[in-house]
Amino acid sequence: MKELHTWIDRHFSQIKADLFTFLRFKTISSDPSLKAEHQKCAEWLSRYLQQSGCQSEVIPTPGLPLVYAENLSAGPRSPTLLIYGHYDVQPIDPTNLWHTDPFEPVEKKSMVYARGAQDDKGQIFFAIQALRFFMETHKTLPVNLKFCIEGEEESGSTGLSKALPQLKDKLKTDDLLVVDFDIIDAQTPAINLGARGLITLEAVLRGSNIDLHSGMYGGIAYNPNRAAAELVCGLWDEQGRVAIPHFYDEVAELSMAEKALFSKGDVKFIREAGIEALSGEAGLSPIESCWFRPTLEINGLAGGYAGPGVKTVIPSEARIKISCRLVPNQDPFRIGQLVKEYLIRQVKKGIHISVEILHGGKAYRGQADSRLAKAVSTSYEEVMKAPCQKILSGGSIPVVSELMSALHPNVVGMGYGLASDNVHAPNEHFDLERFKMGIMTVVRTIVHLGEE
Ligand code: BES
Ligand code: MN
Ligand code: MN
């Protein structure tokens, strides 16, 4: 550990400079105009991994490029660890709420502010430092190490998903460490043993060919906004459950023993975000509703005029963007189909509705007692000097379930994120002290895996 502290201190200003270079690439995967920026970032990252002691390549996919790297010098008798992360980021809007340029990282009081500072550039970058530590100080690694860093996690991982059948041999591994998660709070470490699945949809409701004068047509034309609002209102029942028939059919009820495995979580972040109205199911705590149960959310509702002042209009169309978070056993496209059929069935007669099912992925669970789980827990405890808990995430990394079916590895999620990092929001930031703990935790994990 002492050697590790010394190495980090000695190299930290260079590490920071390289992190800043990484953060400057505008890799918003949902924006097709930024494709070239993804290519540049992937090439930079691949070169960086080469200079850190790996063989690395940028692998084209039907979507955005993937960065793959490996160092197999430990040999066939040692275990292999695959580290997954992503170099793409979420859009930056609302732009006016950023205090500094999202793609020009700024350091303030040991925090780095930039889009991706935490999710996931900051996190995957500390994992890469672990490789550098071993190669610079020992010239070898105790395990075979692979990196799979994709460029479109934030928009559905389509490229990696489609390329996966051809990449199976390359990515072959015993253990999969997903470095894209949170700890409970700044003092409490936790390994992540699963995330929810996801399915996304968009509905367009059309009432007329063009926008209508709300006086001339008011009382005549049914307003698509009204139809959309009525549809949305019917989606939940009094118990806070999703009211779509068969939505819960496949959900596996958890036993007390399964629930007891997991930390109670920390609910401080709920108050800190200013949340007073709660949305969970009757009889369940907020954390239980978030980790163990599926949900349906309206992510966007649009139609008509919401600009300054007044516009007396009956809009020709309204839009609803929907996503469902899913739990194990639920099939994303089956649930998508249920939602779609419900909307089509329930919408006011005469309003034309088209519903598109977009992308999705299954929920997954890691194994609580794998050697990987033990190695990561022990490492967290060595670094944070507090008992390591077990958590789930209400969020999703849809491609992980596919990596699991293709590679059958042990899976653990880790990271040093906190709910207060503003991921996906203006002024995203990451604490450099947590970044350093991230390096140490990945180094110790590799050491422990090598001891087996
Ligand atoms: N890193 C997050 C997943 C996550 C969320 C981990 C919350 C810990 C807490 C990931 O980058 C993410 O944002 N995933 C998206 C996936 C979607 C856009 C396909 C999500 O969960 O919305
Ligand atoms: Mn994200
Ligand atoms: Mn992420």
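Scoring rules and cut-offs
- Each chain carries its own residue numbering, running from 1 in the direction its sequence is written.
- Throughout, the order in which chains and ligands are written sets their labels, letters from A for the former and numbers from 1 for the latter.
- Residue-level local features of this predicted model are given only where pLDDT is at least 70; pairs of side-chain atoms are given and counted only at 80 or more, and the full residue set underlies all totals for whole chains, interfaces and linings.
- No hydrogens and no water enter the side-chain calculation; it runs on all heavy atoms of the structure.
- Numbering of helices and strands runs from the N terminus; a helix is a DSSP stretch of H or I covering at least four residues, while a strand is a stretch of E covering at least two.
- Given a helix with a known number of residues, its expected span is that number minus one, times 1.5 Å.
- Note on classification: 1.4 Å probe, protein chains only; a residue is buried when its accessible area is under 20% of the maximum for its type, exposed when over 50%, partly exposed between these limits.
- In the analysis that follows, any N or O atom pair within 3.5 Å is treated as a polar contact, provided that within protein one partner can donate a hydrogen and the other can accept it, and provided that, for residues neighboring in sequence, both atoms belong to side chains.
- Here the coordinating atoms are restricted to nitrogen, oxygen and sulfur within 2.8 Å of the metal centre, or 3.2 Å for Na, K and Ca, and because water is not among them the sites may look incomplete.
- By the criteria applied here, four donors are tetrahedral when all angles lie between 85 and 135 degrees, four are square planar and six octahedral when opposite donors are over 155 degrees apart and every other angle lies between 65 and 115, and any other arrangement is irregular.
- Throughout, an axis means a line fitted to C-alpha atoms (over the contacting stretch in the case of helices), and angles, computed between N-to-C directions, take values from 0 to 180 degrees.
- Here the word oblique covers every angle except those under 35 degrees (roughly parallel), over 145 (roughly antiparallel) and from 65 to 115 (roughly perpendicular).
- In this scheme the crossing of two helices becomes right-handed for a clockwise turn of the near helix relative to the far one and left-handed for an anticlockwise turn of less than a right angle.
- Only heavy atoms matter for contacts: two residues are in contact if any of them lie within 4.5 Å across the pair.
- Only Asp, Glu, Lys and Arg are considered charged in this grouping, and only Ala, Val, Leu, Ile, Met, Phe, Trp, Tyr, Cys and Pro are considered nonpolar; every other residue, Gly among them, is considered polar.
- We call a residue near a molecule or strand whenever a single non-hydrogen atom of that residue lies within 4 Å of it.
- All accessibility values rest on the Shrake-Rupley procedure with a 1.4 Å probe; residue burial counts only the protein chains present in the view.
- These domain limits were set by an automatic method or by a database of domain assignments.
- By buried area we mean how much accessible surface two parts lose on assembly, using a 1.4 Å probe and totalling the loss over both.
- Think of a salt bridge as a Lys or Arg side-chain nitrogen and an Asp or Glu carboxyl oxygen that are within 4 Å of each other.
- Without a salt bridge and with relative accessible area above 30%, a residue can belong to a patch; like charges are then joined within 9 Å and nonpolar side chains (Val, Leu, Ile, Met, Phe, Trp, Tyr) within 5 Å.
- Think of it this way: DSSP has to see at least two bridges between two strands before they count as a pair.
- Stacked, tilted and edge-to-face are the three classes applied to pairs of Phe, Tyr and Trp rings, where Trp contributes its six-membered ring and a pair requires centres within 6.5 Å; stacked means planes under 30 degrees apart, edge-to-face means over 60, and tilted covers the rest.
- In this scheme, the term charge over a ring applies when either NZ of a lysine or CZ of an arginine sits within 6 Å of the ring centre and within 35 degrees of the ring normal.

**Focus: helix α12 (residues 432–451)**
Count 3.6 residues to each turn of an α-helix, and residues three or four apart come out pointing the same way. An ideal rise of 1.5 Å per residue puts 28 Å on 20 residues; α12 measures up with 29 Å between its terminal C-alpha atoms. The element α12 is extensively covered by neighbouring structure, given that 16 of its 20 residues are classed as buried. A distance of 2.8 Å separates the backbone nitrogen of Glu433 from a side-chain oxygen at the start of α12, and that oxygen is part of Asp431.

**Observations regarding the coordination of the manganese ion (ligand 2)**
Asp119 (OD), Glu154 (OE), Glu154 (OE) and His424 (NE2) make up the full set of protein donors to the manganese ion (ligand 2), lying at 2.0 to 2.7 Å. Geometry at the manganese ion (ligand 2) is irregular, judged from the 6 donor atoms that bind it and their angles of 53 to 159 degrees at the metal. Considered as a linear motif, the donors of the manganese ion (ligand 2) on their single chain read D-x34-E-x269-H. The distance between the manganese ion (ligand 2) and the manganese ion (ligand 3) comes to 3.5 Å, and Asp119 binds to both of them.

**So, the packing of helix α1 (residues 2–24) against helix α3 (residues 121–137)**
In contact at an axis separation of 10 Å, α1 and α3 are set at 135 degrees when each is read in the N-to-C sense. With respect to α3, the element α1 is oriented oblique. The handedness of the crossing between α1 and α3 comes out as right-handed. Judged by residue contacts, Glu3, Leu4, Trp7, His11, Ile15, Asp18, Leu19, Phe22 and Leu23 of α1 engage Lys121, Gly122, Ile124, Phe125, Gln129, Arg132, Phe133, Glu136 and Thr137 from α3. The residue makeup of the contact of α1 with α3, split by class, is 9 nonpolar, 4 polar and 5 charged.

**Structural notes on the coordination of the manganese ion (ligand 3)**
His86 (NE2), Asp119 (OD), Asp180 (OD) and Asp180 (OD) make up the full set of protein donors to the manganese ion (ligand 3), lying at 2.0 to 2.3 Å. Seen from the manganese ion (ligand 3), its 6 donor atoms lie at angles of 58 to 163 degrees, and the figure they make is irregular. Sequence spacing of the donors to the manganese ion (ligand 3): H-x32-D-x60-D.

**Brief notes about the site of ligand 1**
Contacts to ligand 1 come from 16 residues, most closely from Glu153, Asp180, Arg325, Ser396 and His424. Within the side chain of His86, an N or O atom sits 3.2 Å from an oxygen atom of ligand 1. The side chain of Glu154 places a nitrogen or oxygen atom 3.1 Å from an oxygen atom of ligand 1. Protein contact buries 82% of the 520 Å² of open area that ligand 1 shows by itself.

**Remarks on the domain arrangement of the protein chain**
In terms of domain boundaries, the protein chain breaks down into domain 1 (2–196 + 364–451) and domain 2 (204–285 + 302–361). When the two sides are added together, the surface that domain 1 and domain 2 hide from each other amounts to roughly 1,200 Å², 66% of it contributed by carbon and sulfur. The largest per-residue losses of area from domain 1 upon contact with domain 2 belong to Arg196, Arg365 and Lys390, which jointly make up 35% of the total buried on that side. Where domain 1 touches domain 2, the interface holds 0 salt bridges. Our enumeration of links across domain 1 and domain 2 arrives at 3 residue pairs in polar contact (both at pLDDT 80 or more). Among the elements that take part in the side of domain 1 that touches domain 2, strand β16 (residues 389–393) stands out by supplying 4 residues, more than any other.

**Section: the environment of Ala375**
Examined against the element boundaries, Ala375 turns out to sit in helix α10 (residues 371–384). With 37 residues separating them in the primary sequence, Ala375 and Val412 have C-alpha atoms 10.0 Å apart. Excluding residues that lie within four positions of it along the chain, Ala375 makes contacts with Thr445, His448 and Leu449.

**Description of a nonpolar patch on the surface**
A cluster of nonpolar side chains, namely Met216, Tyr217 and Ile220, defines an oily patch on the protein surface of about 340 Å² accessible area. If you trace the backbone, Met216 turns up in the loop between β10 (212–213) and α5 (224–233). Residue class for Met216 comes out exposed when judged on its relative accessible area of 57%.

**A look at the sheet that holds strand β18 (residues 429–431)**
Read across the open sheet, the 3 strands follow the order β4-β5-β18; overall the sheet is antiparallel. Two strands lie at the open edges of the sheet, namely β4 (106–108) and β18, each paired on one side alone. The mean angle between the axes of side-by-side strands here comes to 25 degrees, regardless of whether they run parallel or antiparallel. Sheet topology places β4 next to strand β5 (residues 111–113); 3 bridges connect them, and they run antiparallel. When the sheet's bridge partners are listed, Val106 is paired in β5 with Tyr113. Strand contacts of α12: β4, β5 and β18, with the helix running at about 60 degrees to β18, the strand carrying the most contacts.

**Focus on the packing of aromatic side chains**
Scanning all chains against the criterion turns up 15 aromatic pairs. Geometrically, the ring pair formed by Trp291 and Phe292 is edge-to-face, given 6.4 Å between the ring centres and 80 degrees between the ring planes. For Trp291, a relative accessible area of 8% puts it in the buried group. Feature note: the residues Phe12, Phe126, Tyr380, Tyr416 and Phe435 constitute an aromatic cluster, connected by ring pairs. Across the ring face of Tyr113, the terminal group of Lys108 is positioned such that the distance to the ring centre comes to 4.8 Å.

**Topic: the pairing of strand β2 (residues 66–71)**
For β2, the tally of buried residues reaches 6 of 6 residues, placing the bulk of the element in the interior. Residue alternation in β2 divides its side chains into two sets, Leu66, Tyr68 and Glu70 and Val67, Ala69 and Asn71, and both sets are buried. Where strand β1 (residues 55–59) meets β2, 5 bridges bridge the pair, whose relative direction is antiparallel. Bridge assignment links Ser56 to a residue of β2, and that residue is Ala69. Counted along the chain from β1 to the antiparallel partner β2, the turn is 6 residues long. Pairing between β2 and strand β6 (residues 144–150): 5 bridges, direction antiparallel. Of the residues in β6, the one forming a bridge with Val67 is Ile149.

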